[in-house]
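Chain by chain, the residues run as shown.
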Amino acid sequence: MFMNYLDVKGRIFDIQRYSIHDGVGIRTIVFLKGCALRCRWCCNPESQRYDIETMMVNGRPKVYGQDITVREVMETVKRDMPYYSRSDGGLTLSGGESLLQIDFAEALLRAGKDLGVNTALESMGYAKYSDIQRILPYLDTYLMDIKHMNPEKHKEWCGKENTPMVENAMKIARSGQVKLIIRVPVVPGFNDTEEEIAAIAHYASTLPGVNEIDLLPYHSFGEGKYTGLNRPYPMGNALPPTQEKMLRLKAAAERGTGLYCQIGG
Amino acid sequence: MNNFDSTPVEKSERIGRLVKHLFHKMPEIEAARAELITESYKASEGLPETMRKALAFDHILENLPIIIRPEELIVGSTTIAPRGCQTYPEFSYEWLEAEFDTVEHRSADPFYISEETKKRLKAVNPYWKGKTTSELAKSYMAPETLRAMEHNVFTPGNYYYNGVGHVNVHYDRVINEGLRGIMAQTTSALLKLKVCDPEYGNKKRFLEAVLISCNAVIKYAHRYAELAKEEAAKESDAKRKQELLKIAEVCSNVPENPARSFQEACQAFWFVQQTMQIESSGHSISPGRFDQYMYPYYEKDIRNGVITRFQAQELIDCVWVKLNDLNKCRDAVSAEGFAGYSLFQNLIVGGQTPDGKDATNDLSFMCLDATKHVFLPQPSISIRVWNGSAKELLIRAAEVTRTGIGFPAYYNDEIIIPSMESRGIPAEKARNYCIIGCVEPHVPGEEDGWHDAAFFNMARPLEMVFKNGYENGEEASIHTGDIGSFKTYEDFKAAYKKQMDYNIALLVNADNSIDKAHMERSPLPFESALIDDCIEKGMPLQSGGAKYNFTGPQGFGIANVADSLYAIKKLVFEEKRFTLTELAKALEMNFGKGFDVITAKETAEQVARKVAADGGEVTPDLISNAVSAVLNMELPAEEKQRYEEIWQMIDDLPKYGNDVDEVDEIAREAAYFYTRPLPNYKNPRGGIFQAGLYPVSANVPLGGQTGATPDGRLAHTPVADGVSPTNGKDLHGPTASCNSVAKLDHADASNGTLFNMKMHPTAMSGEKGLENFVSLVRGFFDQKGMHMQFNVVDKETLLDAQKHPEKYQGLVVRVAGYSALFTTLSKSLQDDIIRRTAQGQYR
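Residues numbered from 1 in each chain as written. Chains lettered and ligands numbered in written order. Predicted model: local features only at pLDDT ≥ 70, side-chain atom pairs only at ≥ 80, totals over all residues.

Novice: Report on the overall build of chain B, specifying residues and quantitative values.
Specialist: Looking only at helices and strands, chain B has 35 helices and 17 strands in total. Taken along its principal axes, the extent of the C-alpha atoms in chain B is 85 × 70 × 50 Å. Looking at chain B as a whole, 55% of its 843 residues qualify as buried. For chain B, the share of sequence-separated contacts (at least 6 apart) that also reach a separation of at least 24 residues comes to 78%. (Helix = DSSP H or I, 4+ residues; strand = E, 2+ residues; numbered from the N terminus. Buried ≥ 20, exposed ≤ 12 C-beta atoms within 10 Å, placed from the backbone. Contact = placed C-beta atoms within 7 Å.)

Novice: Describe in detail the overall build of chain A, supporting the description with residues and values.
Specialist: When helices and strands are counted, chain A shows nine helices and eleven strands. Principal axes of the C-alpha set define a box for chain A whose edges measure 50 × 45 × 35 Å. Sorting the 265 residues of chain A into buried and exposed places 50% on the buried side. Sequence-distant contacts, at least 24 apart, represent 72% of the contacts inside chain A between residues at least 6 apart.

Novice: Account for the sheet that holds strand β2 (residues 346-350) of chain B, with residues named and values stated.
Specialist: Residues and elements named next belong to chain B. Spatially, five strands are ordered β2-β3-β4-β15-β14 in an open sheet, and the strand pairing comes out mixed. Each edge of the open sheet carries a strand with a single partner, namely β2 and β14 (756-759). With direction set aside, neighbouring strand axes in the sheet form an average angle of 30°. As judged from the four bridges shared by strand β3 (residues 380-385) and strand β4 (residues 409-412), these two strands associate in the parallel manner. Along β4, the bridge assignment pairs I383 with Y410. Taken strand by strand, helix α19 (residues 413-421) contacts β3 and β4, and its axis lies near 55° from that of β4. (Pairing = 2+ DSSP bridges. Axes fitted to C-alpha atoms, helices over the stretch in contact; angles between N-to-C directions.)

Novice: Can you explain helix α7 (residues 143-150) of chain B? Please cite residues and give values.
Specialist: Residues and elements named next belong to chain B. Along α7, the residues classified as buried are T145, A148 and M149. Across the axial projection of α7, the buried residues extend over an arc of 100°, all falling on one side. Across from the buried face of α7, at angles greater than 90 degrees, the exposed residues are P143 and E150. For α7, the elements touching its buried residues are β1 (154-155) and α22 (489-521). (Arc of directions from axis to C-beta.)

Novice: Go over the environment of B:R240 with me, naming the residues and quoting the values.
Specialist: Residue and element names in this part refer to chain B. Position of R240 relative to the elements: it lies in helix α11 (residues 238-253). You can call R240 partly exposed: it has 14 C-beta atoms within 10 Å. Once the C-alpha coordinates of R240 and T102 are considered, the two residues, 138 residues apart in sequence, prove to be 41 Å apart.

Novice: So, the sheet that holds strand β9 (residues 179-186) of chain A: which residues are in play, and what are the values?
Specialist: Note on sheets: strands pair through backbone hydrogen bonds, and any given pair is parallel or antiparallel. Residue and element names in this part refer to chain A. Here nine strands make up an open sheet; going across it, the order is β5-β1-β2-β6-β7-β8-β9-β10-β11 and the pairing mixed. Whereas interior strands pair on both sides, the edge strands pair on one side only; in this sheet they are β5 (66-69) and β11 (260-263). The mean angle between the axes of side-by-side strands here comes to 30°, regardless of whether they run parallel or antiparallel. Taken together, the five bridges between β9 and strand β10 (residues 212-217) define a ladder with parallel strand orientation. Opposite V186, over in β10, you have P217 as the bridge partner.

Novice: Quick rundown of the environment of B:I66? Include the residues and the values.
Specialist: Residue and element names in this part refer to chain B. Turning to its location among the elements, I66 is positioned in the loop between α3 (49-63) and α4 (94-99). Each C-alpha atom, one on I66 and one on F206, is 28 Å from the other, the two residues being 140 residues apart in sequence. When sequence neighbours within four positions are dropped, the list of residues in contact with I66 reads R223, Y224 and L227.

Novice: Would you mind going over the environment of B:V774 in detail, with residue names and values included?
Specialist: Residue and element names in this part refer to chain B. Relative to the assigned elements, V774 resides in helix α33 (residues 766-782). You can call V774 buried: it has 23 C-beta atoms within 10 Å. C-alpha of V774 to C-alpha of L61: the two residues are 713 residues apart in sequence and 46 Å apart in space. Excluding residues within four positions of it along the chain, V774 makes contact with L394, I395 and A398.

Novice: An account of unusual backbone geometry is requested, with residue identities and associated values reported.
Specialist: Look at the link from A:G95 to A:G96: it is a cis peptide, with omega at 5°. Along the polypeptide, A:G96 turns up in the loop between β6 (90-94) and α3 (102-115). B:Q378 connects to B:P379 through a cis peptide bond whose omega is -10°. Within the secondary structure, B:P379 is located in the loop between α17 (362-374) and β3. A positive phi is found at A:D88, a non-glycine position, where the angle reads about 60°.

Novice: Mind laying out the packing of helix α27 (residues 597-613) of chain B against helix α28 (residues 620-631) of chain B, listing which residues take part and the relevant values?
Specialist: All names here are of chain B. Orientation of α27 relative to α28, taken along the N-to-C sense of each, is 135°, at an axis distance of 8 Å. Viewed along their axes, α27 and α28 adopt a mutual orientation that is oblique. Once α27 is placed against α28, the crossing between them reads as right-handed. On α28, the residues that touch T599, A600, T603, A604, V607, A608 and V611 of α27 are L622, I623, A626, V627, V630 and L631. (Parallel < 35°, antiparallel > 145°, perpendicular 65-115°, else oblique. Left-handed = near helix turned anticlockwise from the far one by under 90°.)

Novice: Just give me the short version of the domain arrangement of chain B, but keep the residues and values in it.
Specialist: Residue and element names in this part refer to chain B. What the domain assignment lists for chain B is domain 1 (13-131 + 167-281 + 284-327 + 345-436), domain 2 (455-594 + 633-752) and domain 3 (755-763 + 787-843). The distance between the C-alpha centroids of domain 1 and domain 2 comes to 35 Å. Each partner contributes to the interface: domain 1 provides 36 residues, whereas domain 2 provides 22 residues. For the side of domain 1 that touches domain 2, the leading source of residues is helix α10 (residues 200-234), giving eight residues. (Domains from an automatic or database assignment.)

Novice: Which residues make up the nonpolar core, and what values do they have?
Specialist: Core analysis: the biggest nonpolar cluster contains 297 residues, and A:L108, B:V319, B:C367, B:I558 and B:A562 have the highest contact counts within it. Look past the residues within four positions of B:A562 in its chain and what remains in contact with it is B:Y656, B:V663, B:I666, B:A667 and B:A670. Grouped together as the second largest cluster of nonpolar side chains are six residues, B:I29, B:C85, B:V103 and B:I113 included. (Core = buried A, V, L, I, M, F, W, Y, C linked by C-beta atoms within 7 Å.)

Novice: I'd like a rundown of α3(B), residues and numbers included.
Specialist: All names here are of chain B. Taking 1.5 Å of rise per residue, 15 residues should cover 21 Å, and α3 covers 21 Å from first to last C-alpha, within 8% of that figure. All of the buried residues in α3 are T50, R52, K53, A54, L55, A56, F57, D58, I60 and L61. Buried-residue contacts for α3 involve α2 (32-43), α10, α12 (262-279) and α23 (525-529). (Expected span 1.5 Å × (residues − 1).)

Novice: Tell me about the pairing of β3(B), residues and numbers included.
Specialist: All names here are of chain B. Most of β3 is tucked away: six of the six residues are buried. Residues S380, S382 and R384 line one face of β3 and the alternating positions I381, I383 and V385 line the opposite face, and both faces are buried. In the sheet, β2 pairs with β3 via five bridges, with the strands oriented parallel. Paired with V349 across the bridge in β3 is I383. As a crossover connection, the stretch from β2 through α17 into β3 is right-handed. Regarding the hand of the β-α-β motif, the stretch spanning β3, helix α18 (residues 391-402) and β4 is right-handed. (Right-handed = clockwise from strand over helix to strand, strands pointing away.)

Novice: Could you give an account of the pairing of strand β3 (residues 53-57) of chain A, with specific residues and numbers?
Specialist: All names here are of chain A. Across five bridges, the pairing between β3 and strand β4 (residues 60-64) is antiparallel. Bridging across to β4, M56 finds its partner in P61. From the end of β3 to the start of β4, which pair antiparallel, there are two residues, and N58 there has a positive phi angle of about 50°.

Novice: Let's hear about the confidence of the model for chain B: which residues, and what values?
Specialist: Residues and elements named next belong to chain B. Residues of chain B with pLDDT of at least 70 account for 96%, and the chain-wide mean is 92. Scored below 50 in pLDDT, residues 838-843 makes eight contacts in the model with residues more than four places away or belonging to other chains. For this predicted complex, the interface confidence reaches an ipTM of 0.90, while the overall pTM sits at 0.92. (pLDDT = per-residue confidence, 0-100.)

Novice: Kindly report on the packing of helix α32 (residues 733-742) of chain B against α33(B), identifying the contributing residues and their values.
Specialist: Packed helices, taken two at a time, are described by their axes: the angle between them and the distance between them. All names here are of chain B. In contact at an axis separation of 9 Å, α32 and α33 are set at 25° when each is read in the N-to-C sense. Put simply, α32 runs roughly parallel to α33. The handedness of the crossing between α32 and α33 comes out as right-handed. The segment α32 lies against α33, with P734, T735, C738 and A742 engaging L776, G779 and F780. The residue makeup of the contact of α32 with α33, split by class, is five nonpolar, two polar and no charged. (Nonpolar A, V, L, I, M, F, W, Y, C, P; charged D, E, K, R; others polar.)

Following this line, the structure appears as structure tokens:
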């Protein structure tokens, strides 16, 4: 006898309601805990480890990480139904890398579809493609990060090579089952040159059905969290890219690719 | 295909100059009206009150100095000084004399007053001794009512000291038929009077007073026509000369006769709006559905090529400027409760027609744009939202919200219309509703709603339960038993209900006493002429002449009461973490968090009274010793720690505003404690009471009169406003907060509810930001929320949020591609967002 998918348990570290800048309409984001990468600029360091941990927030300790069933998550998600229906919004999974908890991610998206709302996933595609295939039927929009085209540099800044993920992007695109949008965090010293951005955009333009690429400027929102976790901040005093630079990179991404490029999610 | 043109029209340069002139100096108090009404009243002693009012109105309008301000297209000013105010000694005057020397320098709404004006007012004011509405009202009140008011359970200050206002009149009839049309109706009513009618005398005099009053307004307009002609003759600029001649032509035709053009319709509207406020000092005289009754004139002129859309927009903008030329000086305490020189002239666009179709037209957009052009607090612009509202209109409204001006307020037809129907208003009239003042639904031209009848502080009866009705050693309310005697949560709740019921009955007594005083001393024939069925009944509005009569006092502090009841239920009775007696002590000791100056002052007064009562001498030393003793009082460390523990336990509980059903259910019940008893009471005009749940800005001063409450609120800090969650206690973002508020029974508060929400402009940036904002409003309204307004925060607010994060925990800002709670961001990022706000980069 199969377990009811609503009883599947997973580990999250936050649920954020009224998210209005990721995907269509008013959304609720469920943040799954645990990540395969360790990107230096990561603004959610509390998302990286699967273990439940304690972070200091405004001088008080706060526990991050909670084991929860799909049913319980949906209790919260359901509360904003009137806003999803008015805005075509819905449920977004983020992380961490949600695909590392594939049973949970699949069940959450399936529950989202049961509600009839729009579903989205923010992910690097770090998983076996057979796992990714399990979620595609329940997913409307795949917001996929491609951070760099050079495997070595990717490994140096994120801890792992990007080859499997780049390959997965092509497979997802070819499946034709979801709307795929490529997102690039623009990080100073890592990928903030016109050549590097153009390389990613070029690859994105070869993905069937992909017509949008988003450039997300680096910000230091996460800095305080590193302190709260008693970890050094890997980005030091790096400054966010200027608006002028972002516009130049946008032009580089659009040049010859036919893609629409948006700054910010 | 839309049946409207929503293209924005450019702002005329004239408007900027009109606004600049209006604000080139501080508002001033003038004496002319007070002198004129006193002269007239001295001469009319012995005549019936309605007739005296009409004669005085005529005398004032005949002699009040008039002025046409530079470049005005719409004329009519109540004072020579821009944004000045006249005084209304027939309602009350003593407070102003007492504040003569402080009114110019007070923090809320200061007014300049010259020595000359003080002298002139001092000369006429004494005539009114013993003749004001407020004195008569006070003489009608029960002793326990006066006592409850002294103890600040409620305050009916508004109509106690001023005219009532708070109506919407038949602007449409004056524009369409002219005052001559209304006078013809009056004459025919006079002819129909039967000599054997027992009310023959009253009716005849009232109808005659109506004729005098309408005629007075016609003559007043003619004075402006003459003045415009004179100024035209002197004018060297050819363009302005033409404008002045046009003004002369307009004012000699309206409001006497039907308007022939859009400009005449605007001018007729304005004379009605202005002279009504000369007749009495009531505020919240609300233009209502301006886009509806003005539209035929706009449409005709545009169709016939008489004016361009640019000219029409300029005229609307001019009306908006004039709405800011009217002003009112309130006493210092009321000024804090109504801060911002506001006259609450509510003007509403959109919504449905009486037959239930979408009412959006060109003017709906142009009115919203006028607010953007003029960027002033008047009119209080509002928008009606229903399932068939044009999306373009909502997006345009959102654009105005994003400017940070705090307008428009959004109203939900889908709950307001059924709510009005439940009070006996027929469907087609309810569909035509407008809003009065802050948030009060109203039948245009047919209702006397007495909407702003009192502020009732729902947290005070709660304090009375803890004090068993005693305060500062005096009896202040009924006795509901020693706080230690309640064995169950239900017992406690029953005691609170008793305190509420008792004080609500006193509130009714206060309002009805004031109502009677206005009926007897302040019938208003001009206002009455413009509201059905006063002429047909031969009865002033103040005697019940309107078709629909209500009294709408407003309660506030639901969030505090709800969170308090939840804390008591949970921590005292379910988990037994502390007892009610212990909690009572913690409240008295302000949770061990120290005492403020107000407590010190109260204690010092108590000591002084006691010493005086015992025959001792009250010296400055004695007072200052008492004050410093309270301020420096040190509790034993253990006791202090226990109170802080109690505070922490309370603080850790979920609060109203977080979409937690258990708490929100209690909030719904708390609102019922106020809304349900009221409709059982009647007013002297033949109507019933109906509750509102909104505070204007009185939650701040009245919070200053409220001790610590069991929700963890410290003594004398503001009480929660309207139906909004306590500031900074809604931690799960706008949708959670909206869901909590939507769980209240808004329809039962048929006098209106008010929900304030804070927004940062970055959360509304771009086209998508506007769309998501509209979806938020719609999602709240789909769940039967009634009203919503947005405080788009500015840089100063964010700076304050850095200093006092505890007050701003629910504040959402857009960071970079996503939104976050401002207080959770790092200092440097906060600084960054503050810089962005300052630059307006995301607008």
